[in-house]
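The primary structure of each chain is shown beneath.
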Amino acid sequence: MNFRNRAILKTITFSRIWNYLLLKLSFHISLLFKKPVLWGKPMAVSIEPTTACNLKCPQCPSGLRQFTRATGNLKPESNKLILDRLGKTLQHINYYFQGEPFINPQFTELVAEARKRNIYVVTSTNAHFISPETAEKIIESGLNEIIVSIDGTTQETYEKYRVEGQLDKVLEGTKNLILAKEKLKSNYPVITFQFLVVRHNEHEVKDIQNLAEKIGVDRLTLKTVQIYDYETSQNLLPENQKYSRYKISSEGKIELKNKFRNSCWRSWSSVVITWDGNAVPCCFDKDAKHKLGNLNKENIIEIRKGILNKTFQTQILKDRKSIEICKNCSEGSKVWI
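Residues numbered from 1 in each chain as written. Predicted model: local features only at pLDDT ≥ 70, side-chain atom pairs only at ≥ 80, totals over all residues. Heavy atoms only, no water.

1. With respect to the overall build of the chain
Test applied: Helix and strand labels come from DSSP, where a helix needs a run of H or I of at least four residues and a strand needs a run of E of at least two; each type is numbered from the N terminus. Here the term buried applies to any residue with accessible area under 20% of the maximum for its type, exposed to any over 50%, and partly exposed to those in between, with areas from a 1.4 Å probe on protein chains only. Residue burial considers only the protein chains on display, and all accessible areas are found by Shrake-Rupley using a 1.4 Å probe. Positive charges are assigned to Lys and Arg, negative charges to Asp and Glu, while His and the chain termini are left out of the count. By convention, the charge on Lys lies at NZ, on Arg at CZ, on Asp at CG and on Glu at CD.
Looking only at helices and strands, the chain has 12 helices and 12 strands in total. For the C-alpha atoms alone, the extent of the chain along its principal axes is close to 55 × 50 × 40 Å. Within the span of the chain, comprising 337 residues, buried residues form 52% of the whole. Element-wise, carbon and sulfur atoms account for 53% of the exposed surface of the chain, whose accessible area totals about 16,000 Å². Taking the average location of the 51 positive side-chain charges in the chain and that of its 35 negative ones, the two points are 8 Å from each other.

Structure follows, in structure tokens:
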């Protein structure tokens, strides 16, 4: 058994198993009767450490500075309150939504607070800020897994999507983590290279596999690109269809490969929390258009049972196609190696 699975197993408790069963049962009852029934609390959440980012990626609202919502950093006291209100049944946290997590100077404090509660914690980073000192703080925080975005094996390829990014910084930050793990004799965090496959880098898939092995990371995943404007962003779509979440329809239009079904397990099992405490349905609501409540003011049960969440889930069950943030949903589209 690998270290990642071992860490996940250690977070399993009776209350978390029972919560999962309640969520699953209520989800299937909801599908059957086309009416939202919601038992239990979220088993997984994404919590946003910051909205700030040092890069300017062309398909990212954070990178493009296009947010209409407030920007800022999550504070440790707010993080603790959010965790308290999510409760002991919470098993998994992705400390990432928009922005670069390590821009928040107190990021490792956020992680350490969650790890005190035996929650499996992951983050995603462009690795530009992982100095040797920061790497040791990451190990000491107890972070279980870190996803390093690396979308090219040469600077020329990398910077085409990771605008203003430096590949050597990514590799340096990754190596700092590996050395810190060795120094502190730790198996964690599990280090994952994530390669966003687009047209200009799809020829480097084999190269990134070789680089991941050479550097010594634990895992490599390939991710499909999400585009917002089909007309102006078609040049990002890879020619190899297995690396794309889109296809060309019989009318010659670009559309998702996934079939639209009036269901969404994510909406029952998880929630996303912005840096200022707003609960939104999922990671596709990047600008927090569908605010369900605020965990700085309410507990999670009040939010989940509230009219805003019930209205949103009713729409999922009856007419999911009409929900704008669902139109780009990548559920089931990631390629694992």
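2. Here we look at unusual backbone geometry
Most peptide bonds take the trans configuration, and most residues that are not glycine carry a negative phi. Residue Tyr188 is joined to Pro189 through a cis peptide bond whose omega torsion reads 5°. With respect to the helices, strands and loops of the structure, Pro189 is situated in the loop between helix H7 (167-183) and strand S5 (190-197). At Glu164, a position not held by glycine, the phi torsion is positive, near 70°. With respect to the helices and strands, Glu164 occurs in the loop between helix H6 (155-161) and H7. Backbone geometry at Lys185 places phi at a positive 55°, although glycine is not the residue there. As for its position among the elements, Lys185 is in the loop between H7 and S5.

3. Description of the nonpolar core
Short version of the rule: Residue types Ala, Val, Leu, Ile, Met, Phe, Trp, Tyr and Cys, when buried and joined through side-chain atoms within 4.5 Å, form a set referred to as a nonpolar core. Residue contacts follow a heavy-atom distance rule, with two residues in contact if any of their heavy atoms lie within 4.5 Å.
Within the largest apolar cluster, 67 residues are counted, with the highest numbers of intra-cluster contacts made by Ile47, Ile93, Tyr95 and Phe193. It is H7 that contributes the most residues to this core, 6 residues altogether. Not counting the four nearest positions on each side in its chain, Phe193 is found in contact with Val148, Ile150, Leu171, Thr174, Ile208, Ala212, Val217, Arg219, Leu220 and Thr221. In terms of nonpolar packing, the next biggest core, distinct from the first, is built from 9 residues, Cys282, Phe312, Ile323 and Cys326 among them.

4. With respect to the packing of helix H5 (residues 132-141) against H7
Quick reminder of the rule: Each axis is a line fitted through C-alpha atoms, and for a helix only the stretch in contact is used; angles between axes span 0 to 180 degrees, taken between their N-to-C directions. Angle categories are assigned with fixed cut-offs, so that under 35 degrees is roughly parallel, over 145 is roughly antiparallel, 65 to 115 is roughly perpendicular, and the rest are oblique. The hand of a helix crossing depends on one turn: near helix anticlockwise from the far one by less than a right angle means left-handed, and clockwise means right-handed. We call Asp, Glu, Lys and Arg charged. Ala, Val, Leu, Ile, Met, Phe, Trp, Tyr, Cys and Pro are nonpolar, and the rest, Gly among them, are polar.
Look at H5 against H7: their axes get within 8 Å of each other, and the N-to-C directions meet at 55°. Here H5 lies oblique to H7, going by the angle between them. The handedness of the crossing between H5 and H7 is right-handed. Of the residues in H7, those touching H5 at Pro132, Ala135, Glu136, Ile138 and Ile139 are Asn176, Leu177, Ala180, Lys181 and Lys183. When the residues that make up the contact of H5 with H7 are grouped by side-chain class, the tally is 6 nonpolar, 1 polar and 3 charged.

5. Comments concerning empty space enclosed by the protein
Empty pockets left among the atoms are what a rolling probe the size of a water molecule brings to light. What counts is decided by this rule: Two kinds of site are reported from a 1 Å grid over the protein atoms alone, namely cavities, where a 1.4 Å probe fits but cannot get out, and pockets, open sets with protein on both sides within 12 Å along at least five of seven lines, and residues are called lining when an atom falls within 4 Å of a point. Grid points are joined across faces, edges and corners, and a volume is the space filled by probe spheres set on the points.
Per the stated rule, a full pass over the model turns up 2 cavities of 30 Å³ or more. Approximately 90 Å³ is the volume attributed to the largest cavity. Lining the largest cavity, in full, are Cys264, Arg266, Ser267, Pro281, Cys282, Phe284, Phe312, Ile316, Arg320, Ile325, Cys326 and Cys329. Broken down by secondary-structure element, the contributors of at least two residues to the lining of the largest cavity are helix H10 (265-269) and helix H12 (307-319). In terms of lining residues, the second largest cavity is bounded by Ser267, Ser270, Val271, Pro281, Leu292, Ile300, Ile303, Arg304 and Asn309. Elements that contribute at least two residues to the lining of the second largest cavity include exactly strand S9 (270-273) and helix H11 (300-305). Counting residues per element, the lining of the second largest cavity draws most heavily on H11, which supplies 3 residues.

6. Focus: the packing of helix H3 (residues 76-86) against helix H4 (residues 107-115)
Between H3 and H4, the shortest axis-to-axis distance is 10 Å and the interhelical angle comes to 25°. Taken as axis vectors, H3 and H4 run roughly parallel relative to one another. The element H3 and its partner H4 pack so that their crossing is right-handed. Here Pro76, Asn79, Lys80 and Leu83 of H3 lie close against H4, whose contacting residues are Glu109, Leu110, Glu113 and Ala114.

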